[in-house]
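# Examination of the molecular architecture
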Amino acid sequence: MIRIKTPEEIEGMRATCRLAAQTLVMIEEHVKSGVTTQELNDICHDYIISHGATPSPLNYRGFPKSICTSVNQQICHGIPGERVIRKGDIINIDITTYLNGFHGDTSKTFHVEEATPKGEKVRRVALDCMNAGIDVALPGAPLRTIGATIEKLAKKNRCTVVHEYCGHGIGREFHEEPAILHYEDKRCNITIQPGMIFTIEPMINLGKAAIKHMADNWTVVTKDHSLSAQFEHTILITEEGNEVLTDLSGRKTPLPER
Ligand code: MF3
Ligand code: CO
Ligand code: CO
């Protein structure tokens, strides 16, 4: 069941999404060579707690930490630990906050100091794919347009889309319906409607799309060890278009004029 949000729920979502976005802005200056992913986890954890929220990942289905940190060939769900990040690494930091009964979810891939050409390429394509998906997430459009648009752009850039993980409705639950695929599924007949809130979070690989899990049973990596990047926003569908709830500048996409 897709939960259409009430005006009160939308206000709750605005607040939690703002906090998630602020956490991501706050952590950026700490993403430097020499820091451990555990230290990044602890800084985010304390920040979220000090703002009256809790980190949604902590104990979610047994996840042991407060954020996900996915480095280089790691696609998603990296567990913070003693790993030290180094100049030239790329690292996705995925923040989900639970504030007053609502979850807000956003992530970003950072370069650690200098960008390598491959790191910059995959990061750029992942960002462009998320943005292209947001641009077509409009009321009245078929939901599958989002995935079709993302897949097409990834292919054009000779990158691949991870199929095993997708965006999701979000609200009182961390993961709600519908699943937001980042590739085209012609069988999907859902129409995008005002009051829907969901994430768009394509995982883009520089090499092949195939994944595998690390021994910790959480961290997902590229099977061919190629680099992978991801960006994620939580968006609200409105009568007029959409609003990116995890964008602090209040990004809105209007419906095209007719
Ligand atoms: N934040 C991730 C997402 O975008 C989910 C993380 S689940 C966890 O949906 F258990 F790994 F934290
Ligand atoms: Co998400
Ligand atoms: Co997330």
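For the structure, see preceding data.
Let me sum up the structure you'll find in this document. (Residues numbered from 1 in each chain as written. Chains lettered and ligands numbered in written order. Predicted model: local features only at pLDDT ≥ 70, side-chain atom pairs only at ≥ 80, totals over all residues. Heavy atoms only, no water.)

### Considering the pairing of strand 14 (residues 233-237)
Counted residue by residue, strand 14 has 5 buried out of 5 residues, so it is predominantly covered. In strand 14, alternate side chains face the same way, and those of His-233, Ile-235 and Ile-237 on one face and Thr-234 and Leu-236 on the other are all buried. Relative to strand 14, strand 9 (residues 197-200) runs antiparallel, the two sharing 4 bridges. Note on strand 14: the bridge partner recorded for Thr-199 is Thr-234. Where strand 14 meets strand 15 (residues 241-244), 3 bridges bridge the pair, whose relative direction is antiparallel. (Buried < 20%, exposed > 50% of the residue type's maximum accessible area, 1.4 Å probe, protein only. Helix = DSSP H or I, 4+ residues; strand = E, 2+ residues; numbered from the N terminus. Pairing = 2+ DSSP bridges.)

### Some points on a negative patch on the surface
A surface patch of negative charge is lined by Glu-39, Asp-42, Asp-46 and Glu-82. Note that Glu-39 resides in helix 2 (residues 37-50). (Patch = residues over 30% accessible without salt bridge, like charges linked within 9 Å, V, L, I, M, F, W, Y side chains within 5 Å. Areas by Shrake-Rupley, 256 points an atom, 1.4 Å probe, with all protein chains shown as cover. Salt bridge = Lys/Arg side-chain N within 4 Å of Asp/Glu carboxyl O. Lys, Arg positive; Asp, Glu negative; His and termini not counted. Charge placed at Lys NZ, Arg CZ, Asp CG, Glu CD.)

### Details of the coordination of the cobalt ion (ligand 3)
Protein-derived coordination of the cobalt ion (ligand 3) comes from Asp-94 (OD), Asp-94 (OD), Asp-105 (OD) and Glu-232 (OE), at a distance range of 2.1 to 2.4 Å. Every donor counted, the 6 donor atoms about the cobalt ion (ligand 3) form angles of 58 to 164° at the centre, which fits irregular coordination. Sequence spacing of the donors to the cobalt ion (ligand 3): D-x10-D-x126-E. A gap of 3.3 Å separates the cobalt ion (ligand 3) and the cobalt ion (ligand 2), which Asp-105 links by coordinating each metal. Residue Asp-105 is found in strand 5 (residues 102-111), and its partner Glu-232 is found in the loop between strand 13 (228-230) and strand 14; the two are separated by 127 residues along the sequence. The pair Asp-105 / Glu-232 is uniform in exposure class, with both members buried. (Donors = N, O, S within 2.8 Å, 3.2 Å for Na, K, Ca; no water. Tetrahedral: all angles 85-135°; square planar, octahedral: opposite > 155°, others 65-115°.)

### As for the nonpolar core
Ranked by size, the top nonpolar core spans 29 residues in total, and within it Ile-146, Phe-198, Ile-200, Ile-204 and Ile-235 carry the most contacts. The set of elements that each furnish at least two residues to this core consists of helix 3 (117-135), helix 4 (144-156), strand 9 and strand 14. In terms of residues, this core owes the most to one element, helix 3, which gives 7 residues. Not counting residues within four places of it along the chain, the set of residues in contact with Ile-204 comprises Val-122, Val-125, Ala-126, Cys-129, Ala-154, Cys-159, Thr-160, Val-161, Leu-227, Ser-228 and Ala-229. Grouped together as the second largest cluster of nonpolar side chains are 20 residues, Leu-19, Met-26, Leu-40 and Ile-67 included. (Core = buried A, V, L, I, M, F, W, Y, C linked by side-chain atoms within 4.5 Å. Contact = heavy atoms within 4.5 Å.)

### A word on the sheet that holds strand 10 (residues 203-205)
An order of 6-10-13 is seen for the 3 strands of this open sheet, with the pairing classed as antiparallel. Of all the strands in the sheet, the pair left with one neighbour each is strand 6 (160-161) and strand 13.

Note that all results are geometric; they support no functional claim without further evidence.
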